[in-house]
Amino acid sequence: MDFSLKNKEISNDKWHKLLDGSAYSSPFQTPKFLEFFNALENFSSDVFAIEVDGEYKALVVLTIQKELGVKSYFSRRGIIYGGPLVIDNGQDYLEKLLNEVTTFYKRKLIYIETRNYFDYSLFNTQFQSAKFKYIPWLNFHLDTSSDIAVIKKSMSSSRLRQVKKALKNGAVWKEAECEEDVAAFYEILLDLYKNKIKKPLFSKDFFLEFYKKKTGKYLLVYYEDTVIGGIVCPIMSGKAIYEFYVCGLDSEYKNQFPSVMATWAAIEYANVNKIPLFDFMGAGNPNEGYGVREFKSRFGGEQVEHGRYLNILNPFLYKIGEIGLNVLSKLK
């Protein structure tokens, strides 16, 4: 007999056993990330699982997000970072889990989206049966298990020259040592989101809490003891390191190439610490132009399309939200 479980009903021991045994495990589907998101004032997160004969067969951590102020009503969404945890050949369990999650949030959220960091094509029928539509989405995976010389050889010649020049001109990377450095990184990232990306960014509290709870690593780029860029990296020990957020003062420090150095920091960290994969966490829709895709491609990773799955629970508010958020972003 199978059972559907939620939140306090979940056993951490059984959860960790599924994490250890699933090919679809990521840091975003761990108890640590559930705890992290629930510690933040403007976030909440739920965990659901399907148990059969005393073992979990499928599990999902869903994070509830919304913008502040007037945009909150049109932006209530559930994000499943990484995609669900599921055993091999667990199609029936996953479909049951997705239906349970959809039913629970039917009147609470506008949409649910899975951001896949694995190939879920074996489960495509189950996603569709649960009314999740596949959205093409690209990514890059870089093998960081090889010798560092091999990794450098896979990079474009121009990218490798930039790394060498940055190091020669005094740029260094290291783990963040204090909250003040994390705050300096955040100000660089906030400026990037306001003036170039023009999308909402989580508050400073999100990034400080990530640091304080040691949810992942801050690898920051310094020049003359000043933070000029960096990268936020969740890590699945022995499996993968992820590019969650990255930024750099590229215009101000042209000879130090801070954005390039930030990405290189994660690659080098992974190699030194025996983490076999660097996941770039997205390279956009293949049917749309995306300048960041070209930037990421020059580090030598393999382009993959694991896509996303989207279940729109309230089509009317979803459409209104799309229009409203686009208009508001242009007014900034």
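Up top you'll find the structure we're talking about.
Residues numbered from 1 in each chain as written. Predicted model: local features only at pLDDT ≥ 70, side-chain atom pairs only at ≥ 80, totals over all residues. Heavy atoms only, no water.

(A) Structural detail: the overall build of the chain. Each helix and strand counted, the chain has 11 helices and 17 strands in total. At 20 Å, the chain has a C-alpha radius of gyration in line with the 20 Å of a compact globule built from 332 residues. The dimensions of the chain, computed from C-alpha atoms along their principal axes, are 65 × 45 × 40 Å. Of the contacts formed within the chain by residues at least 6 apart in sequence, a portion of 74% connects residues at least 24 apart. In the form shown here, the chain has an accessible surface area of approximately 16100 Å², with 50% of it arising from carbon and sulfur atoms. (Helix = DSSP H or I, 4+ residues; strand = E, 2+ residues; numbered from the N terminus. Rg over C-alpha atoms; globule rule 2.2 N^0.38 Å. Contact = heavy atoms within 4.5 Å. Areas by Shrake-Rupley, 256 points an atom, 1.4 Å probe, with all protein chains shown as cover.)

(B) Quick peek at unusual backbone geometry. Here Asp 53, not a glycine, exhibits a phi torsion of approximately 50°, which is positive. One can find Asp 53 in the loop between strand 2 (44-52) and strand 3 (55-65). For Asp 53, a relative accessible area of 67% puts it in the exposed group. (Buried < 20%, exposed > 50% of the residue type's maximum accessible area, 1.4 Å probe, protein only.)

(C) Representation of the sheet that holds strand 14 (residues 245-248) in the model. Across the sheet, four strands lie side by side as 9-10-11-14; this open sheet has antiparallel pairing. Where the open sheet ends on each side, the last strands, each with one partner, are strand 9 (171-175) and strand 14. Going across the sheet, the axis of each strand differs from the next one's by a mean of 20°, ignoring polarity. (Pairing = 2+ DSSP bridges. Axes fitted to C-alpha atoms, helices over the stretch in contact; angles between N-to-C directions.)

(D) Spotlight on the side chain of Arg 308. As for its placement among the helices and strands, Arg 308 is situated in strand 17 (residues 308-312). Once you skip the residues sitting within four places of it in the chain, Arg 308 turns out to touch Glu 113, Thr 114, Arg 115, Asn 116, Lys 133, Tyr 134, Ile 135 and Trp 137.

(E) Structural view of the pattern of salt bridges. In total, this model carries 14 salt bridges according to the counting rule given. Here Glu 55 makes a salt bridge to Lys 57, at a shortest N to O gap of 3.5 Å. Residue Lys 57 is classed as buried on the basis of its relative accessible area, which comes to 16%. A salt bridge links Lys 204 to Glu 187; the shortest N-O distance between them is 3.5 Å. Highlighted residues: Lys 204 in helix 8 (residues 204-212) and Glu 187 in helix 7 (residues 179-197), separated in sequence by 17 residues. Lys 204 gets classed as partly exposed once you look at its relative accessible area, which sits at 32%. Among the charged side chains, a salt-bridge network with shared partners connects Glu 35, Glu 209, Lys 212 and Lys 213. (Salt bridge = Lys/Arg side-chain N within 4 Å of Asp/Glu carboxyl O.)

(F) Structural view of the packing of aromatic side chains. Under the defined criterion, the tally for this structure stands at 48 aromatic pairs. A cation over a ring is seen here: Lys 108 above Phe 104, with NZ or CZ 3.7 Å from the ring centre. Lys 174 extends its terminal NZ or CZ atom over the ring of Tyr 222, reaching a point 4.7 Å from the ring centre. (Phe/Tyr/Trp six-rings, centres within 6.5 Å; stacked < 30°, edge-to-face > 60°. Lys NZ or Arg CZ within 6 Å of the ring centre and 35° of its normal.)

(G) View of the environment of Glu 67. With respect to the element layout, Glu 67 can be found in the loop between strand 3 and strand 4 (77-82). A relative accessible area of 13% places Glu 67 in the buried class. Considering only alpha carbons, one finds Glu 67 and Phe 202, 135 residues apart in sequence, at a separation of 8.8 Å.

(H) Quick peek at the environment of Asn 42. Within the element layout of this structure, Asn 42 appears in the loop between helix 2 (31-38) and strand 2. As a C-alpha pair, Asn 42 and Glu 67 span 25 residues in sequence and 8.8 Å in three-dimensional space.

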